[in-house]
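Reading the structure
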Amino acid sequence: MGKSFFMLGDCPAAPIAPLRPMQDKLTLMIPGPTPVPETVLQALGRHPIGHRSADFQKIVKHTTEQLQWLHQTKNDVLVITGSGTAAMEAGIINTLSKGDRVLCGNNGKFGERWVKVAKAYGLEVEELAAPWGQPLDPDAFRAALEADGEKAIKAVILTHSETSTGVINDLQAIARHATAHGTALTIADCVTSLGATDVPMDAWGLDVIGSGSQKGYMMPPGLSFVAMSERAWAACERSDLPKFYLDLGKYRKAAKGDSNPFTPAINLYFALEAALKMMEKEGLPAIFARHARHQRATTAAMTAIGLPLYAAEGHGSPAITAVAPEGLDAEVLRKEVKNRFDILLAGGQDHLKGHVFRIGHLGFVCDRDILAAVAAIEATLQALGLATAPVGAGVAAAAAALAA
Ligand SMILES: Cc1ncc(COP(=O)(O)O)c(C=O)c1O
């Protein structure tokens with residue numbers, strides 16, 4: 001009997017439903033890895049080709065153009081075999097030098113990561129923090145930059161969509177302040193915003209953007225992407241931080257010959273080409289509108305169910321909705337949804353564990369997925385005896401938002 005029951009681990013007191021496993025039915029509603037379309041999976045399944053072949057060069061050339069389209073930029077967009085953090089680290093070590101002063105926005109787990117990476121490389125970090133759940137304050141950046149008459153601040157570093165809290169930061173406003181400063185680069189973690197919401201690199205004057213394949217790209221993990229402005233390349237000339245595998249100069253040089261300096265994850269390039277083709281077909285405005293609609297539907301549903309949202313009102317990310325249920329363990333609910341419906345929601349990170357669960361609506365997500373996730377949450381609350389609103393209220397609210 002033990003085997004047929006899902007163990008809740010750190011929630012032993014919770015009601016446990018019998019497992020109803022069905023092969024290949026898992027639905028990912030987490031902010032990465034995100035679901036992968038069949039077309040992209042099939043592209044992955046080809047035999048690898050030589051990474052110095054003309055055929056591969058064609059793919060590098062084509063995907064580079066597609067990536068420029070996605071980033072809305074004429075700048076170089078380079079591909080690294082690695083996860084999103086590789087792109088973030090590359091952004092720092094290629095544009096900054098030991099002892100450089102930087103402003104780091106910190107309002108969640110990934111802001112915190114920026115601070116750690118910057119400190120690991122000996123930068124002088126001034127943190128501009130906001131409480132988790134709240135957005136960064138662009139005025140705090142403006143004030144710090146305006147006070148820097150000596151132009152000692154070399155970069156403003158922040159996370160656009162803070163995945164840990166479901167908050168979107170005002171990257172456009174903060175980048176505008178950095179541009180007005182004249183010297184500071186804007187280095188942004190766009191890991192869960194690129195491909196979900198508008199990130200026009202050139203129009204906003206962004207200098208470094210990092211992202212990862214397992215997010216809005218609708219791909220498995222394994223590739224990360226760094227886009228660099230001309231200002232960032234000029235800083236790269238001066239940068240003295242240690243680097244080898246993540247030396248973007250090498251990637252830029254190789255990219256000029258439609259190549260990569262090291263053996264790249266060739267099959268992921270096949271997937272990248274297929275995924276970006278799907279995105280081009282849908283079109284950026286439609287992709288952004290879909291994510292915004294899904295965010296509205298999800299937040300309307302949670303409100304109708306009586307589950308409070310974690311992100312400050314008006315600052316929710318189009319990629320992810322964090323929910324902070326009162327009077328129940330978020331981990332119990334999350335694990336029961338997985339157990340009963342094979343829908344995976346994300347848990348809270350650090351001190352939010354047990355207090356927050358997160359619904360990813362990033363990448364290859366359709367209206368049906370949203371309705372199914374909402375219905376699964378409602379049905380689970382009912383089964384646990386925890387429903388406070390009429391069951392179906394969430395689905396009704398989501399359906400109304402989707403129809404609008
Ligand atoms: C905002 C943000 N930044 C960075 C990362 C780190 O990416 P990776 O785990 O691919 O290194 C993540 C991953 O979830 C993220 O959501």
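What counts and what doesn't
- Residues numbered from 1 in each chain as written.
- Predicted model: local features only at pLDDT ≥ 70, side-chain atom pairs only at ≥ 80, totals over all residues.
- Heavy atoms only, no water.
- Pairing = 2+ DSSP bridges.
- Helix = DSSP H or I, 4+ residues; strand = E, 2+ residues; numbered from the N terminus.
- Axes fitted to C-alpha atoms, helices over the stretch in contact; angles between N-to-C directions.
- pLDDT = per-residue confidence, 0-100.
- Contact = heavy atoms within 4.5 Å.
- Parallel < 35°, antiparallel > 145°, perpendicular 65-115°, else oblique.
- Left-handed = near helix turned anticlockwise from the far one by under 90°.
- Nonpolar A, V, L, I, M, F, W, Y, C, P; charged D, E, K, R; others polar.
- Buried < 20%, exposed > 50% of the residue type's maximum accessible area, 1.4 Å probe, protein only.
- Near = heavy atom within 4 Å.
- Polar contact = N/O pair within 3.5 Å; in protein donor to acceptor, adjacent residues only side chain to side chain.
- Areas by Shrake-Rupley, 256 points an atom, 1.4 Å probe, with all protein chains shown as cover.

Now for the sheet that holds strand S13 (residues 357-360). Pairing is mixed across the open sheet formed by four strands, whose spatial order is S1-S12-S13-S11. Each of the sheet's edge strands pairs with one partner strand only, and the pair in question is strand S1 (27-29) and strand S11 (320-323). Pairs of neighbouring strands in the sheet enclose a mean axial angle of 35°, with direction left out of account. Relative to S13, strand S12 (residues 343-347) is paired through two bridges, and the arrangement is antiparallel.

Attention now goes to the confidence of the model for the chain. Looking at the chain as a whole, its pLDDT mean stands at 95, while 95% of the residues score no less than 70. Across residues 1-13, confidence stays below pLDDT 50; counting only partners more than four residues off in sequence or on other chains, it has 20 contacts.

Let's shift gears to the packing of helix H11 (residues 284-305) against helix H13 (residues 367-383). In contact at an axis separation of 10 Å, H11 and H13 are set at 15° when each is read in the N-to-C sense. Looking at the two axes, H11 sits roughly parallel to H13. Crossing of H11 over H13 shows right-handed handedness. Contact residues: Arg-293, His-294, Ala-297, Thr-298, Ala-301, Met-302 and Ile-305 in H11; Asp-367, Ile-370, Val-374, Ile-377, Glu-378 and Leu-381 in H13. Here the contact of H11 with H13 is composed, by residue class, of eight nonpolar, two polar and three charged.

Right, let's get into the pairing of S13. Looking along a regular strand, one sees the side chains alternate between the two faces of the sheet. Neither face of S13 is left uncovered, since the one carrying Phe-357 and Ile-359 and the one carrying Arg-358 and Gly-360 both have all their residues buried. Inspection of the sheet shows S11 paired to S13 by four bridges, in the antiparallel sense. The partner of Ala-322 across the bridge, within S13, is Arg-358.

This next bit is on the environment of Met-302. By secondary structure assignment, the location of Met-302 is in helix H11. With a relative accessible area of 0%, Met-302 lands in the buried category. Here the alpha-carbon distance between Met-302 and Val-374, two residues 72 residues apart in the chain, equals 7.9 Å. Aside from chain neighbours lying at most four places away, what touches Met-302 is Leu-307, Leu-309, Val-323, Phe-357, Ile-359, Val-374 and Ile-377.

Our focus in this paragraph is helix H3 (residues 84-93). Across the ten residues that make up H3, a large majority, eight, are buried. Those residues of H3 that fall on the buried side of the exposure criterion are Gly-84, Ala-86, Ala-87, Met-88, Ala-90, Gly-91, Ile-92 and Ile-93.

Neighbouring residues of the ligand: 14 residues in total, closest Ser-83, Thr-85, Thr-163, Asp-189 and Lys-215. Measuring from an oxygen atom of the ligand, one finds a side-chain N or O atom of Thr-163 at 2.5 Å. Protein chains bury 86% of the 390 Å² of accessible surface belonging to the ligand in isolation. The set of elements that each furnish at least two residues to the shell around the ligand consists of H3 and helix H4 (109-120). A total of three residues in the shell around the ligand trace back to one element, the largest contributor, which is H3. Residue composition of the shell around the ligand, by class: three nonpolar, eight polar and three charged.

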